[in-house]
Amino acid sequence: MSLTKIDNRMAVDKDGNNISKLLSENTKKLPWVSVTNFGAKSNEEQANFDSTQAFLDAITDARSKNSAILIPNGTFNISQQLKFEDAPVYGLGVDVSIIKFTVGLGTGVPSVIVGKAGKAYKGGLFHLSVKGVGTRQLGVKTANGDGIRIDEQIKLEYVKVEQFDAGIIFNAPGGHISLERVLSTNNYFGVYQTDDGGDYHIIDSALNGNTMAGFGLSGDLGMSSASFIRTHIGYQPYGIYQEVGATTNFLNDITFIDTRFELIGNGAIFTENLTSNSNHLRFESVGFNWEPSFKIASRDKGYAVKMGKSGGQNVYIAGMSGFKQGDLGSWYIDNNFGIWEMKLGTSEKIVVNSGYKNMFKCIPANNKNQMNDFIPSGSTSRTFTTFGYAGPTESVFPIITPTSSGGLSNFILTVTGVTSDPVEQTVTFTVNVLGGTPTSSLFFNCKI
């Protein structure tokens, strides 16, 4: 029996047979438990039928047998919390098998719990939709309840979550949560993190169209060791947003590859805590653009990226559409003590409140912080004018390293043109030879 098409929300095989019915009739022969065998009825079969007890009975049976749970096609109404925990749950497709919660279960209360402490990689949701009762209002929680809370190291794949305060909650102390081909939309937060277990992987997914942010962080913790790959985080006020709190961490060891912050209203990456640290960030080929219709009117859109402290080794390669300027700039870093290799996009502007020297770019042609050049034979200096980020209290100090002697190997560097604090500005630096005139071209490497 093979699934060949979805016809009018009904899964059928090549002969037109209802696969859901066939699966239910043969449940005892298969490695799963169907909720319909315990009395669940879809809205299409009986309007407004409450299938809660049938789901609870199916969960009990499946866990006693170490079986998976099957949800056939249709919309199934649920009015209580479902603790699937370590039992894996399979539907027949997004918007085909739908778990529909008819009431909000209370502020901060998850409608579905998957994963169970101590049972890593057991459980998960696949090929289905979970739906709440929230309505769409920018910057406002309306669902009176959350969606799927993940308590252990598991995966969601081909899952859609919508109309909750928090669509998906990362709550696994051991981390290692994977979202693949997941759509979390029309929630307040697409994903919300309540435990920083780290090692999160969000791949080929969309945390789009939420009323506050695609990914929300409590102000009492940061996010560590995560990767966002070919993922869309847009059509909403914020892409990644950290609430007010006492944490000293924001983003640590995070990779963004082909990540699209499309149609953002207030900011792509934003923290309310300027004392929080972000370290070891890597951006490759990100996409970004502003969209006024997704802006929360009471909040500014000063910068596409706003961070507190920045440390470690960091890389930013804009791609075709990097972080564009808001009302004040593209990036704001309150205190930089890290090293950045940056290839900025057209019109990007960085504002650094303090710690400018490591944001300097040696050569504007490729916007990187390293270059190779030389002082010609017979000359004693070479002067370069470029853009940097510096102020009168913290000037720019590139490191000059000889790569050929030319008979001499000592240098002295002077920097001029630093006039204000803090802005992007034209900076002139001169490499001088000490102790004589080189008899041949003297090559050097400049790195900030």
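All of these numbers come straight from a predicted model, not from anything done at the bench. Going along each chain's sequence as written, the residues are numbered from 1 onward. For this predicted model, a pLDDT threshold of at least 70 governs which residues receive local features, and a threshold of 80 or more governs which side-chain atom pairs are given and counted, while totals over whole chains, interfaces and linings are taken from all residues. Hydrogens and water molecules were not included; the side-chain quantities draw on all heavy atoms of the structure.

**A short note on the side chain of Ser51**
Thought 1: Looking at where Ser51 falls in the secondary structure, it is placed in the loop between β3 (32-34) and α2 (52-65).
Thought 2: What makes Ser51 buried here is its relative accessible area of 0%.
Thought 3: Not counting residues up to four positions away in its chain, the partners in contact with Ser51 are Ala40, Lys41, Phe76, Asn77 and Ile78. In this text, helices come from DSSP runs of H or I with a minimum length of four residues, and strands from runs of E with a minimum of two, each type numbered from the N-terminal end. Partly exposed residues are those whose accessible area sits between 20% and 50% of the maximum for their type, while under 20% is buried and over 50% is exposed, using a 1.4 Å probe and protein chains only. Residue contacts follow a heavy-atom distance rule, with two residues in contact if any of their heavy atoms lie within 4.5 Å.

**Structural notes on the pairing of strand β15 (residues 189-193)**
Thought 1: Where burial is concerned, most of β15 is hidden: five out of the five residues are buried.
Thought 2: When DSSP finds at least two bridges between two strands, those strands are taken to pair. Where β15 lies against strand β17 (residues 213-217), four bridges are found, and the strand directions are parallel. Bridge assignment links Phe189 to a residue of β17, and that residue is Ala213.

**A short note on α2**
For an α-helix the count is 3.6 residues per turn, leaving residues at separations of three or four pointing the same way.
Thought 1: For α2, which comprises 14 residues, the first-to-last C-alpha distance of 20 Å matches the rise-based estimate of 20 Å (1.5 Å per residue) to within 8%.
Thought 2: Buried residues of α2: Thr52, Ala54, Phe55, Ala58, Ile59, Asp61 and Ala62, and no others.
Thought 3: As for α2, its buried residues are in contact with β3, β4 (68-70), β5 (74-78), β6 (82-85) and β8 (97-101).
Thought 4: With its phi angle positive at about 55°, Asn66 sits one or two positions after the end of α2. How far a helix is expected to stretch is found by multiplying one less than its residue total by 1.5 Å.

**Some details on the confidence of the model for the protein**
The predicted coordinates of low-pLDDT regions are not to be read in fine detail.
Thought 1: Scored between 0 and 100, pLDDT is the confidence that the predictor attaches to each residue. The predicted model of the protein has a mean per-residue pLDDT of 82, with 73% of residues at 70 or higher.
Thought 2: Predicted confidence for residues 1-10 stays below pLDDT 50, and this span has 28 contacts to residues more than four positions away or in other chains.
Thought 3: Considering only residues more than four positions removed or in separate chains, one finds that residues 389-397, a stretch of pLDDT under 50, has 32 contacts.

**Observations regarding empty space enclosed by the protein**
Thought 1: Both cavities and pockets are sets of points on a 1 Å grid over the protein atoms alone; in a cavity a 1.4 Å probe fits but cannot get out, in a pocket the set is open with protein on both sides within 12 Å along at least five of seven lines, and lining residues sit with an atom within 4 Å of a point. Grid points are joined across faces, edges and corners, and a volume is the space filled by probe spheres set on the points. Applying the stated rule across the entire model yields two cavities of 30 Å³ or more.
Thought 2: As a volume, the largest cavity reaches approximately 50 Å³.
Thought 3: Gly134, Thr135, Val140, Thr142, Ala143, Gln163, Phe164, Asp165, Asn186, Asn187, Tyr188 and Thr211 together form the lining of the largest cavity.
Thought 4: Note that Gly is not counted as nonpolar here; it falls among the polar residues with everything else outside the nonpolar set of Ala, Val, Leu, Ile, Met, Phe, Trp, Tyr, Cys and Pro and the charged set of Asp, Glu, Lys and Arg. Tallied by class, residues from the lining of the largest cavity come to four nonpolar, seven polar and one charged.
Thought 5: Within this model, the second largest cavity holds a volume of roughly 40 Å³.
Thought 6: In terms of lining, the second largest cavity is formed by Phe101, Val103, Gly104, Leu105, Ser111, Gly132, Val133, Ala143, Gly145, Gln163 and Phe164.
Thought 7: Class assignment for the residues of the lining of the second largest cavity results in six nonpolar, five polar and no charged.

**Topic: the layout of surface pockets**
Thought 1: Considering only enclosed or pocket space, the second largest pocket measures out at about 180 Å³ in volume.
Thought 2: As for the second largest pocket, its lining consists of 15 residues, of which Gly108, Lys141, Asp146, Ala166 and Tyr192 are closest to the centre.
Thought 3: Among the secondary structure elements, those contributing two or more residues to the lining of the second largest pocket are β11 (146-150), β13 (166-170) and β15.
Thought 4: The class makeup of the residues in the lining of the second largest pocket is six nonpolar, four polar and five charged.

**Looking at the packing of aromatic side chains**
Thought 1: Ring geometry is summarised as follows: Phe, Tyr and Trp rings, the Trp one being its six-membered ring, pair when their centres sit within 6.5 Å, and such pairs are stacked at plane angles under 30 degrees, edge-to-face over 60 and tilted between the two. Going through the model one piece at a time under the given rule, you end up with 25 aromatic pairs.
Thought 2: Relative to Phe164, the ring of Phe101 has its centre 6.4 Å away and its plane inclined at 70°; by these criteria the two rings are edge-to-face. Pair noted here: Phe101 is in strand β8 and Phe164 is in the loop between β12 (155-162) and β13, with a separation of 63 residues, a long-range link.
Thought 3: A relative accessible area of 4% means that Phe164 is categorised as buried.
Thought 4: One aromatic cluster is present, built from ring pairs that chain together Phe170, Tyr200, Phe215, Phe228, Phe256, Phe261, Phe283, Phe288, Trp290, Tyr316, Phe323 and Trp331.
Thought 5: Directly above the ring of Phe49 sits Lys41, whose terminal nitrogen or CZ lies 5.4 Å from the centroid.
Thought 6: The rule is short: NZ of Lys or CZ of Arg within 6 Å of the ring centre and within 35 degrees of the ring normal puts a charge over the ring. One residue, Lys306, lies across the ring of Tyr332, its end atom 5.9 Å from the ring centre.

**Some details on the pairing of strand β25 (residues 313-317)**
Thought 1: Inspection of the sheet shows strand β22 (residues 277-284) paired to β25 by three bridges, in the parallel sense. By the bridge assignment for β25, Phe283 is matched with Tyr316.
Thought 2: Relative to strand β27 (residues 339-343), β25 runs parallel, the two sharing five bridges. What sits directly across from Val315, in β27, is Glu341.

**So, the pattern of salt bridges**
Thought 1: We define a salt bridge as a side-chain nitrogen of Lys or Arg found within 4 Å of a carboxyl oxygen belonging to Asp or Glu. A complete count under the given rule lists 13 salt bridges for this structure.
Thought 2: Two residues, Glu157 and Lys155, come together in a salt bridge whose shortest N-O distance is 3.9 Å.
Thought 3: Glu157 sits in the buried class, given a relative accessible area of 18%.
Thought 4: Here Lys155 falls in the partly exposed class, since its relative accessible area comes to 28%.
Thought 5: With a shortest N-O distance of 3.5 Å, Lys155 and Glu180 are connected by a salt bridge. Of the two residues, Lys155 sits in strand β12 while Glu180 sits in strand β14 (residues 178-185), which places them 25 residues apart along the sequence.

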